[in-house]
Amino acid sequence: MQCISYPWLSSMGLFKLPAICRASLGPRNLQCISQNLTKLSPFSCPQTPNLSMKIFSNRNHSKTGFADEDFEEIQKEQYDNGHVPVLLQEVLEVFRGRQLRSFVDCTLGAGGHASAIIKAHPELQGFIGLDVDPTAHEQALPKLQAVLKENAHPTASDLKLNLLCNNFRDIKSVLGQVDQSLLVDGVDGILMDLGMSSMQVNSAERGFSVLYDGPLDMRMSPTASLKAEDILNFWHEAELGRILRDYGEESRWQILQRKIAEARLAGGIHSTSELVELVRRNIYKISGRQGWMKTSIRVFQALRIAVNDELKTLESTLSDAFACLSPKGRLAVISFHSLEDRIVKQSFLNIIDKDPSNISNIETVETFGHIPGETRYNKHRRKALALESCAQGSSEEWSKHRKEGKYATILTKKPIRPTIEEESVNRRCRSAKLRVLEKN
């Protein structure tokens with residue numbers, strides 16, 4: 001496929017674009033697109049085993065919270081490293097001032113949120129990072145090790161750091177594998193960032209982006225068998241249409257369904273550029289330049305969701321993650337499109353009045369009551385945290401609008417959105433929404 005290079009694209013790390021994108025978008029629009037992309041880092045994708053290690057660091061127990069200037073320092077480090085975690089300051093604020101003994105990052109990525117959490121909470125004793133992509137572990141591990149070395153203090157404490165190549169749907173089995181006591185006492189904080197990482201989007205070999213010519217892969221895990229190419233060329237035409245309609249929320253799904261079926265007769269679709277060209281050829285006359293590009297993005301989204309079974313996995317994981325929380329533990333979820341956000345919102349509403357863990361069959365649970373099966377240590381800790389939460393609640397400006405239930409409290413009745421300043425630095429965060437749930 002014909003490609004073209006621009007000097008200003010090279011400086012952004014976007015070295016080449018397919019000619020079809022250049023012809024339809026024009027240099028001015030391409031320059032705007034390039035501003036959304038972080039610097040490209042070429043990487044390999046080896047089959048690496050689970051990484052589990054215990055790292056000892058000298059860190060101070062005396063400081064639980066952190067000042068506003070610490071936010072700026074952490075953000076500056078992330079930007080300097082070429083990785084921009086979304087809603088970083090807001091995530092840190094969710095867990096600010098809380099004693100975190102254990103924490104799970106369900107979507108480790110390049111370790112942006114993880115390193116900031118570890119740096120902000122020197123009292124941490126156990127940290128678990130999950131990601132099915134081995135490349136994420138290659139990126140995150142050195143960063144987390146560097147943070148632990150930087151935070152050396154005279155008072156020594158042990159932080160057990162476990163990085164595992166698991167999907168977050170395995171959260172319960174992972175906790176049991178790492179430490180059985182975590183299944184009893186629970187973890188104090190869980191984070192799920194459902195967005196695509198820049199290193200995944202910027203890799204042509206992964207097939208996630210409409211801007212790069214590569215294979216139609218779209219697998220989050222290199223060990224998975226199903227690829228986007230399989231869906232496009234072999235799945236039943238009706239099922240393909242359902243994917244485009246439901247997962248892509250594409251109004252012109254019937255046109256695309258028919259054209260993809262016709263393309264199968266001519267040999268099929270085997271690269272991202274061929275798929276983008278099919279969309280451009282059939283949608284450009286209807287919707288114009290911007291319309292066909294947006295349609296392409298929605299088609300890629302639909303295929304990615306289907307390949308990785310993202311929505312069903314998310315729905316089941318939210319219930320499991322809540323069951324793994326300790327009393328007053330918090331679950332923070334960052335979503336990026338309406339399908340994800342609807343699932344998160346509805347799941348939170350279901351959880352607060354119906355305990356998905358089925359630990360207890362009692363009809364009501366008072367804040368200071370007894371929960372059957374609860375350990376004595378956990379009961380006393382729940383009481384102490386409840387008092388702490390009451391004193392802290394009034395100072396948390398971001399959670400003024402709450403919705404309380406029998407088993408949990410939704411701390412963000414309205415989701416937290418990125419600031420204008422963050423959007424100007426990282427335009428990919430524009431659709432991000434942060435919702436937070438606290439276990440009673």
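What counts and what doesn't
- Residues numbered from 1 in each chain as written.
- Predicted model: local features only at pLDDT ≥ 70, side-chain atom pairs only at ≥ 80, totals over all residues.
- Heavy atoms only, no water.
- Helix = DSSP H or I, 4+ residues; strand = E, 2+ residues; numbered from the N terminus.
- Buried < 20%, exposed > 50% of the residue type's maximum accessible area, 1.4 Å probe, protein only.
- Contact = heavy atoms within 4.5 Å.
- Areas by Shrake-Rupley, 256 points an atom, 1.4 Å probe, with all protein chains shown as cover.
- Pairing = 2+ DSSP bridges.
- Right-handed = clockwise from strand over helix to strand, strands pointing away.
- Core = buried A, V, L, I, M, F, W, Y, C linked by side-chain atoms within 4.5 Å.
- Axes fitted to C-alpha atoms, helices over the stretch in contact; angles between N-to-C directions.
- Parallel < 35°, antiparallel > 145°, perpendicular 65-115°, else oblique.
- Nonpolar A, V, L, I, M, F, W, Y, C, P; charged D, E, K, R; others polar.
- Salt bridge = Lys/Arg side-chain N within 4 Å of Asp/Glu carboxyl O.
- Polar contact = N/O pair within 3.5 Å; in protein donor to acceptor, adjacent residues only side chain to side chain.
- Expected span 1.5 Å × (residues − 1).

**Here's the deal with the overall build of the protein**
Then, in step 1: Scanning the protein for helices and strands turns up 17 helices and 11 strands.
Then, in step 2: Out of the 440 residues in the protein, the part that is buried amounts to 55%.
Then, in step 3: Within the protein, counting contacts between residues at least 6 apart in sequence, those at least 24 apart form 73% of the total.
Then, in step 4: When the accessible surface of the protein is split by element, carbon and sulfur atoms take 51% of a total near 19900 Å².

**A closer look at the pairing of strand 4 (residues 102-105)**
As a general feature of sheets, a regular strand has side chains that alternate between the two faces.
Then, in step 1: Burial of the side chains of strand 4 extends over both faces: S102 and V104 are buried on one face and F103 and D105 on the other.
Then, in step 2: In the sheet, strand 4 pairs with strand 5 (residues 126-130) via 4 bridges, with the strands oriented parallel. Looking at the pairing, V104 lines up with I128 of strand 5.
Then, in step 3: As a crossover connection, the stretch from strand 4 through helix 5 (residues 112-120) into strand 5 is right-handed.
Then, in step 4: Judged from the 3 bridges that link them, strand 4 and strand 7 (residues 187-193) form a sheet pairing that is parallel. The residue bridging F103 from the neighbouring strand is G189, located in strand 7.

**Comments concerning the nonpolar core**
Then, in step 1: The biggest cluster of nonpolar side chains holds 67 residues, and the ones touching the most others in it are V104, I190, M192, L318 and L331.
Then, in step 2: Take this core: its biggest share by element is 14 residues, from helix 13 (residues 272-308).
Then, in step 3: Formed by 36 residues, the second largest nonpolar core is a distinct cluster that contains L87, L92, A120 and V436.

**Topic: unusual backbone geometry**
Then, in step 1: The phi dihedral of E249 falls on the positive side, at around 50 degrees, and the residue is not glycine.
Then, in step 2: Among the secondary structure elements, E249 is positioned in the loop between helix 11 (237-246) and helix 12 (253-265).
Then, in step 3: Its relative accessible area of 37% is what places E249 among the partly exposed residues.
Then, in step 4: One non-glycine residue with positive phi stands out, namely K328, at about 70 degrees.
Then, in step 5: Position of K328 relative to the elements: it lies in strand 8 (residues 325-335).
Then, in step 6: Residue classification places K328 among the buried positions, given a relative accessible area of 9%.

**Looking at the environment of L108**
Then, in step 1: Along the chain, L108 falls in the loop between strand 4 and helix 5.
Then, in step 2: Along the chain, L108 and D133 lie 25 residues apart, while their C-alpha atoms are 9.2 Å from each other.
Then, in step 3: Excluding residues within four positions of it along the chain, L108 makes contact with A114, G129, L130, D131, H137, A140 and L163.

**Description of the packing of helix 12 against helix 13**
Then, in step 1: In the contact formed by helix 12 and helix 13, the axes pass within 12 Å of each other and the chain directions differ by 95 degrees. When the axis of helix 12 is compared with that of helix 13, the two are roughly perpendicular. Packed against helix 12, whose contacting residues are I255, L256, K259, I260 and A263, the element helix 13 presents L278, V279, N282, I283, I286, T295 and V299 at the interface.
Then, in step 2: When the residues that make up the contact of helix 12 with helix 13 are grouped by side-chain class, the tally is 9 nonpolar, 2 polar and 1 charged.

**Here's the deal with the pattern of salt bridges**
Then, in step 1: Applying the stated criterion across every chain yields a total of 22 salt bridges.
Then, in step 2: The shortest N-O distance in the salt bridge between D133 and R206 comes to 2.9 Å. Of this pair, D133 sits in the loop between strand 5 and helix 6 (134-150) while R206 sits in the loop between helix 9 (198-201) and helix 10 (228-234), placing them 73 residues apart in sequence. For the pair formed by D133 and R206, the shared burial category is buried.
Then, in step 3: Measuring nitrogen to oxygen at the nearest pair gives 2.8 Å for the salt bridge that ties E277 to R280. Of the two residues, E277 and R280 are both situated in helix 13; the distance of 3 residues between them amounts to about one turn of the helix.
Then, in step 4: With relative accessibility at 22%, the residue R280 sits in the partly exposed group.

**Observations regarding the side chain of N440**
Then, in step 1: Take N440: it is sitting in the segment after strand 11 (433-439).
Then, in step 2: Among the polar contacts listed, one links the side chain of N440 to the backbone oxygen of G405, at a separation of 3.0 Å.

**Focus: helix 12**
Then, in step 1: Its 13 residues place the ends of helix 12 19 Å apart at the C-alpha level, agreeing with the 18 Å of an ideal helix rising 1.5 Å per residue.
Then, in step 2: Looking at the packing, one finds that the buried side of helix 12 touches helix 10, helix 11 and helix 13.
Then, in step 3: Residue G267 follows helix 12 closely and has a positive phi angle near 120 degrees.

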